[in-house]
Amino acid sequence: MSRITVDLPEGLQLDNELFFDGWQLNNITGWWDTTAPRLEDEPREHGHGDHDQDEVFLSARYFTVTGVFQSYSDPDALATARAALDVMHGRPGFEVTVTDEAGPLRSTAKLASRIGWDRNRAPGCAYFEFTLKADDPRRYGPLQILSTGAPTPGVGIADPVLDPVQEGAAGNLGRVELVNTGSAPSEPLVRVAGGSDEGFELRCIETAEIVRVTRPIPAGSVIEVRMGDGTVWIDGESPLAASYIPVAEWISVGPGETCTLQFTPLGALTGTPAMNVEWAVATW
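Counting restarts for each chain, with residues numbered from 1 along the sequence as it is written. Local features are withheld for residues below a pLDDT of 70 in this predicted model, meaning they are given only at 70 or higher, and side-chain atom pairs are given and counted only at 80 or more; totals for whole chains, interfaces and linings count all residues. The side-chain numbers reported here are obtained from all heavy atoms of the structure, hydrogens and water having been left aside.

**Points about the packing of aromatic side chains**
How two aromatic rings sit relative to each other is given by the distance of their centres and the angle of their planes.
At step 1: Only Phe, Tyr and Trp rings are paired, with Trp represented by its six-membered ring, and only when their centres lie within 6.5 Å; those with planes under 30 degrees apart are stacked, over 60 edge-to-face, the remainder tilted. All chains considered together, the criterion is met by six aromatic pairs.
At step 2: Relative to F69, the ring of W23 lies with its centre 4.8 Å away and its plane at 55°, an arrangement referred to as tilted. A residue pair is termed long-range when its members are at least 10 positions apart, and W23 in strand 3 (residues 22–29) and F69 in strand 6 (residues 61–70) qualify at 46 residues.
At step 3: Plain terms: the ring middles of W23 and F128 are 5.4 Å apart, the flat faces sit at 65° to each other, and that makes the pair edge-to-face. With W23 in strand 3 and F128 in strand 10 (residues 125–134), this pair connects stretches of sequence that are 105 residues apart.
At step 4: Among the aromatic residues, those joined into a cluster by ring pairs are W23, F69, W117, F128 and F130. Starting at the N terminus, helices and strands are each numbered in turn, a helix being any DSSP run of H or I of at least four residues and a strand any DSSP run of E of at least two.

**So, the nonpolar core**
At step 1: Core analysis: the largest hydrophobic core is formed by 29 residues, its most contacted members being F130 and L132.
At step 2: For this core, the elements supplying multiple residues, two or more each, are strand 3, strand 6, helix 1 (77–86), strand 7 (94–100), strand 8 (103–111) and strand 10.
At step 3: Every residue pair with non-hydrogen atoms within 4.5 Å of one another is taken to be in contact. With sequence-adjacent residues up to four places away left out, F130 is seen in contact with L8, F63, T64, V65, L85, M88, L111, S113, R114 and I115.
At step 4: Nonpolar cores are built from buried Ala, Val, Leu, Ile, Met, Phe, Trp, Tyr and Cys residues. Side-chain atoms within 4.5 Å join them into one set. Each residue is placed in one exposure class: buried if its accessible area under a 1.4 Å probe, protein chains only, is under 20% of its type's maximum, exposed if it is over 50%, and partly exposed if it falls in between. The next biggest cluster of nonpolar side chains, apart from the first, holds 26 residues, and it includes V232, I245, V277 and W279.

**A word on the sheet that holds strand 20 (residues 247–248)**
At step 1: Ordered by their spatial adjacency, five strands build an open sheet running 13-21-15-16-20, and the pairing between neighbours is antiparallel. Every interior strand has two partners, whereas the edge strands, strand 13 (175–179) and strand 20, have only one.
At step 2: Following DSSP output, two strands are said to pair if at least two bridges run between them. Direction of pairing for strand 13 relative to strand 21 (residues 258–265): antiparallel, over a ladder of five bridges. Across the sheet, L178 pairs through a bridge with C259, a residue of strand 21.

**What to know about the sheet that holds strand 12 (residues 144–149)**
At step 1: Reading across from one edge, 12-22-14-17-18-19 is the order of the six strands in this open sheet, with antiparallel pairing throughout. Only two strands of the sheet have a single neighbouring strand rather than two, namely strand 12 and strand 19 (238–239).
At step 2: Pairing of strand 17 (residues 222–226) with strand 18 (residues 231–234), which is carried by four bridges, proceeds in the antiparallel orientation. Considered in strand 18, the bridge of E224 is made with W233.

**A short note on the pattern of salt bridges**
At step 1: Any Lys or Arg side-chain nitrogen found within 4 Å of a carboxyl oxygen on Asp or Glu counts as a salt bridge. Summed over the entire model, instances satisfying the criterion amount to 13 salt bridges.
At step 2: One salt bridge connects D135 with K110, and the closest N-O pair in it is separated by 2.8 Å. Residue D135 is located in the loop between strand 10 and strand 11 (139–140), and its partner K110 is located in strand 8; the two are separated by 25 residues in the primary sequence.
At step 3: Taking the relative accessible area as the measure of exposure, K110 reaches 25% and is therefore partly exposed.
At step 4: For R212, the salt bridge is made with E201, and the minimal N-O distance between the two is 2.6 Å. Taken together, the positions of R212 in strand 16 (residues 210–213) and E201 in strand 15 (residues 200–204) put the pair eleven residues apart, joining distant regions of the chain.

**Brief notes about helix 1**
At step 1: Among all positions in helix 1, only A77, L78, A81 and L85 are buried. End-on view of helix 1: buried residues confined to an arc of 100°, all on one side of the axis. Residues A79 and T80 are exposed on helix 1 and point more than 90 degrees away from its buried face.
At step 2: The inward-facing, buried residues of helix 1 contact strand 3, strand 6, strand 9 (116–122) and strand 10. Of all possible arcs, the one meant is that of the directions from the helix axis to the C-beta atoms.

**Some details on the side chain of E224**
At step 1: Assignment of secondary structure puts E224 in strand 17.
At step 2: Within the structure, E224 has its side chain in polar contact with the side chain of R191 (distance 2.8 Å).
At step 3: In contact with E224, other than residues within four places in its own chain, are L189, V190, R191, T231, V232 and W233. Two N or O atoms form a polar contact when they lie within 3.5 Å of each other; inside protein one atom must be a possible hydrogen donor and the other a possible acceptor, and for residues adjacent in sequence the pair counts only when both atoms belong to side chains.

**Concerning the environment of L240**
At step 1: Along the chain, the position of L240 falls in the loop between strand 19 and strand 20.
At step 2: On the accessibility criterion, L240 (12% relative accessible area) is buried.
At step 3: Along the sequence, L240 and R215 sit 25 residues apart, while their C-alpha atoms lie 8.4 Å from each other.
At step 4: Look past the residues within four positions of L240 in its chain and what remains in contact with it is V213, R215, I223, V232, I234 and I245.

**Section: the side chain of Q70**
At step 1: Structurally, Q70 is set in strand 6.
At step 2: In this structure Q70 touches F19, F20, D21, G22, Q24, G124 and C125, once residues within four positions along its chain are discounted.

**With respect to the environment of G22**
At step 1: Mapped onto the elements, G22 comes out in strand 3.
At step 2: The spatial distance from the C-alpha of G22 to the C-alpha of L261 is 46 Å, given a sequence separation of 239 residues.
At step 3: For G22, the contacting residues outside a window of four places in its chain are V68, F69 and Q70.

Structural data, given as structure tokens:
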């Protein structure tokens, strides 16, 4: 069997190849499966079967983790180990990373069951079991952070012309490329730093989808465009009114697709406007 590790909050790692004292992973069921599609029943009034469903969504992901903690050299360590699992109680969402032969995949989850802790197997040994729920059924690869400044023209040949010819400064297109090699669509999180006095526009070159924000951005402020839930925030505190978002074609990069994201500040510029994109390949 290939090595599998599960990373949980507060640095706790479970390992299926650990055969001595420590946290041992037994199984993680429901992680590699796809989740069930949410199908609607709408019978045809004068025909067999149902009407077509325009779009089929998948249910949330539930996965169950089982394993054993053992400390034969120090049986009292069981009390401390039990407390390490308690940190999951009450957390609204925490990152879980499962790494196997294909590499790491991440999910944001919350505790969805009791934590089973069975000490009646052997001294210094406890079997544990718990179930987690990921509201988003997709699993994500490592986080990628891509950045660019505002578009600037380049200079082809330096003036005056010298021998040998000197190339001028390179320009900047103001673009980043998002390539989704996974099996599920993925939506980027875009942060735009000011300043620009008429906002900015984001455009996916391949699909021509546009998100335009017309609120002035002072130097030092940041507008956050959350493509996944279709909201725009300023300085992480206040959502923007819809009147400031005249075009809202939320950008999603489908499986096997590429989106070249163009950043265009609008109006007069102050400071150094820039776009920062958080992005990850997604798979079911």
